[in-house]
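Topology and contacts: notes
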Amino acid sequence: MTDPGKSPEYDGIVIGAGFAGLYAIVKLRELGFNVLGFEKASDVGGVWYWNRYPGARCDCESYYYSYSFSTELQQKWRWSQRYAEQPEILAYLNHVAEQFNLRRHILFDATVERMVFDERANRWTVTSSRGTATAKFVISAAGCISALQKPDYPGLDAFAGELYYTGAWPHEEVDFSGRRVGIVGTGASGAQAIPIIAKTAKHLTVFQRTPNFVLPARNAPMDPGFDDWVKAHYDEIRTMCLNSPGAVPFEGSKISALDVSPEERAAVYQKAWDRGGLRFFVDTFNDLITNKEANDTAAEFVRSHIRSVVKDPRIAEMLSPRSHPIATKRPPLGDDYYATFNRPNVTLVDIASTPITSFSARAVRTAEASYEIDTLVLATGFDAMTGALLRIDVRGRGGLALKAKWAEGAKTYLGLGVAGFPNLFTVTGPFSPSVVANMPTGVEQHVDWIAGCMNYMRSHGLEFVEADESAEEGWVAHSAEVANATLYPQTSSWYVGANIPGKPRQFSVYLGGFSSYREHCERVAQNGYEGFAFGR
Ligand code: N01
């Protein structure tokens, strides 16, 4: 175990021990850098450590939602399902930590509270709840969707039953049998938890503010033949990921939804629906997120499915999204989601028209009715994109607070660096493809780029690197231009920070495609890291 008290000076400090943090430690250590990780949790895993709610699983298929950096790892590890469940992904990350002996570099139960850049020494001092250390570089691997957002319900304290957040689920099994359960939130977490909880709870009341387009995952055991095929073709699969807009191993459709007849369109949608997964948006048509008319055809396809499954037409309509284009809120994957609302022990409550007003010891009250509840589950989301970093008091040049710098919205260059904050790198930071690309691929690309930059500085005797303000402004403006050519920014979602009261509205994901973004980052590095300034 690393003791920051004993060896307080490092080349790099890594914040977080999820997919990104673990790989950052692997990579930095491989290049001979002295590295320390700080992790808030008691063990590795990041979001897969915290999100243990029933039904939690990944909505990317595991054979590509996994590391590519070790041939031995990808050849030996066997996924049991198409979409691994949370325990299996956590087991994988534990295996990686053990296999590569990573835990000895990480201080657990250590929440980073403050980090200050010393301009004279070109060093960061990072203070955590378990001690302080200094380093030339800080690599934030704190995650894009990791800062839990607890809704500010007045009177929630009055509720005396069991209260759980999907994003901070207990390690012990939660038994819903015989319980009257209420759940708030129908995003990806809620959509996965609802069918599972409904199976054991005495009654489940779903409090829905905005219906979502829930697509089938079609999860299934990993076919051994397919697993063998994957293992034999991993090089091609990983190359496809690197060269695709979503960092996934599929070719995207090249046709518009409006260029085919309604019958052909329905057949294309049905085929993708039957196959399952978020591939629906890759496999079908190329203009679903850029053209509202095209988008409407996909939205209506899903609504017609809801009507065909949900027996009560009133409930079917309540579940049918009409206020946002499909995919502009992250579509959840969930098998049996809509059929769950046919169960006699499930009630759907529309809290958009009748909001939750108060709580009592055993009830949730809305403007219209009171619902008896023993257990309340809040699947209410995260302060995404910026929350994890802004919860740390980050001070850059001249004591500039990151909170002040980002008061009107985040600004980064390439999602990798922030002007005014030298030697701070952000893995999958705002304005990188981050949450719209397959995460492990994005993480590896970022960490490799960062490690390459650190290596370059070491070999050139450079002491600091800092994004230029003009490069940063240009990149943020370019990202906004690309985003504004799509339907995404129109919708109030966590993508634009609309779920956080007071958060500036901003679409902080780079939508130009992972492959072209990766090529751009490579060009930047080849051109002597243009857009970054260095100093000795
Ligand atoms: O969070 P969300 P999530 N009163 O923000 C509602 C990833 N992920 O944890 O839409 C009432 O999407 C809110 O309603 P509304 C994935 O990228 C991946 O589900 O704001 N309701 C919404 O229904 C995902 O997108 C996986 O009107 C309130 C829900 O709570 C992201 O994480 C699994 C409320 C929040 O949905 C976040 O997903 C899980 C309030 N005060 C998550 N506040 C997989 O890989 C919020 N809501 C499968």
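Residues numbered from 1 in each chain as written. Predicted model: local features only at pLDDT ≥ 70, side-chain atom pairs only at ≥ 80, totals over all residues. Heavy atoms only, no water.

**Topic: the overall build of the chain**
Across its full length, the chain holds 16 helices and 18 strands. Relative to its length of 536 residues, the chain is compact, with a C-alpha radius of gyration of 23 Å against a globular reference of 24 Å. Taken along its principal axes, the extent of the C-alpha atoms in the chain is 70 × 55 × 45 Å. Relative to its full complement of 536 residues, the chain shows a buried share of 58%. Considering only residue pairs separated by 6 or more positions, the chain has 72% of its internal contacts joining residues 24 or more positions apart. About 21,200 Å² of surface is accessible on the chain, with carbon and sulfur atoms providing 50% of the total. Within the chain, one finds 53 positive and 60 negative side-chain charges whose respective centroids are separated by 3 Å. (Helix = DSSP H or I, 4+ residues; strand = E, 2+ residues; numbered from the N terminus. Rg over C-alpha atoms; globule rule 2.2 N^0.38 Å. Buried < 20%, exposed > 50% of the residue type's maximum accessible area, 1.4 Å probe, protein only. Contact = heavy atoms within 4.5 Å. Areas by Shrake-Rupley, 256 points an atom, 1.4 Å probe, with all protein chains shown as cover. Lys, Arg positive; Asp, Glu negative; His and termini not counted. Charge placed at Lys NZ, Arg CZ, Asp CG, Glu CD.)

**Digging into the site of the ligand**
Taken together, 24 residues lie around the ligand, and Arg57, Tyr153, Ser189, Thr210 and Lys329 are the ones closest in. In this structure, an oxygen atom belonging to the ligand sits 2.6 Å away from a side-chain N or O atom of Ser189. At 2.7 Å, a side-chain N or O of Lys329 approaches an oxygen atom of the ligand. Surface burial for the ligand is 87%, taken as the share of its 910 Å² of free accessible area covered by protein chains. Sorting elements by how many residues they give to the shell around the ligand places helix 5 (residues 188-200) first, with 3 residues. Here the residues of the shell around the ligand sort into 11 nonpolar, 8 polar and 5 charged. (Near = heavy atom within 4 Å. Polar contact = N/O pair within 3.5 Å; in protein donor to acceptor, adjacent residues only side chain to side chain. Nonpolar A, V, L, I, M, F, W, Y, C, P; charged D, E, K, R; others polar.)

**What about the pattern of salt bridges?**
Here the structure, examined in full by the defined rule, presents 32 salt bridges. Residue Asp228 is joined to Arg78 by a salt bridge in which the shortest nitrogen-to-oxygen separation is 3.5 Å. With Asp228 in helix 6 (residues 224-232) and Arg78 in the loop between helix 3 (71-76) and helix 4 (86-99), this residue pair connects regions lying 150 residues apart in the sequence. Judged by its relative accessible area of 48%, Arg78 is partly exposed. Notably, a salt bridge pairs Arg103 with Glu98, separated by 3.4 Å at the nearest N-O pair. You can call Glu98 exposed: its relative accessible area is 54%. Three or more residues joined by partner-sharing salt bridges are found here, namely Glu9, Arg123, Lys136 and Glu463. (Salt bridge = Lys/Arg side-chain N within 4 Å of Asp/Glu carboxyl O.)

**Looking at the packing of helix 1 (residues 19-30) against helix 14 (residues 439-459)**
Where helix 1 contacts helix 14, the two axes come as close as 9 Å, and the packing angle between them is 35 degrees. Helix 14 is crossed by helix 1, and the crossing has right-handed handedness. Between helix 1 and helix 14, the residues in contact are Phe19, Ala20, Tyr23, Ala24, Lys27 and Leu28 and Pro440, Val443, Glu444, Val447, Asp448, Ala451 and Met454, respectively. Broken down by class, the residue content of the contact of helix 1 with helix 14 amounts to 10 nonpolar, no polar and 3 charged. (Axes fitted to C-alpha atoms, helices over the stretch in contact; angles between N-to-C directions. Left-handed = near helix turned anticlockwise from the far one by under 90°.)

**A short note on the domain arrangement of the chain**
The domain boundaries assigned to the chain delineate domain 1 (4-147 + 384-530), domain 2 (150-205 + 344-381) and domain 3 (206-343). Both faces combined, the contact of domain 1 with domain 3 buries some 3,300 Å², and carbon together with sulfur accounts for 53% of it. Contact with domain 3 buries surface across domain 1, with Tyr63, Arg82 and Leu487 losing the most and accounting together for 22% of the total. At the surface where domain 1 touches domain 3, the tally comes to 3 salt bridges. When residues of the side of domain 1 that touches domain 3 are traced back to their parent elements, those giving at least two are helix 3 and helix 16 (514-526). It is helix 16 that contributes the most residues to the side of domain 1 that touches domain 3, 3 residues altogether. (Domains from an automatic or database assignment. Buried area = accessible area lost by both parts, 1.4 Å probe.)

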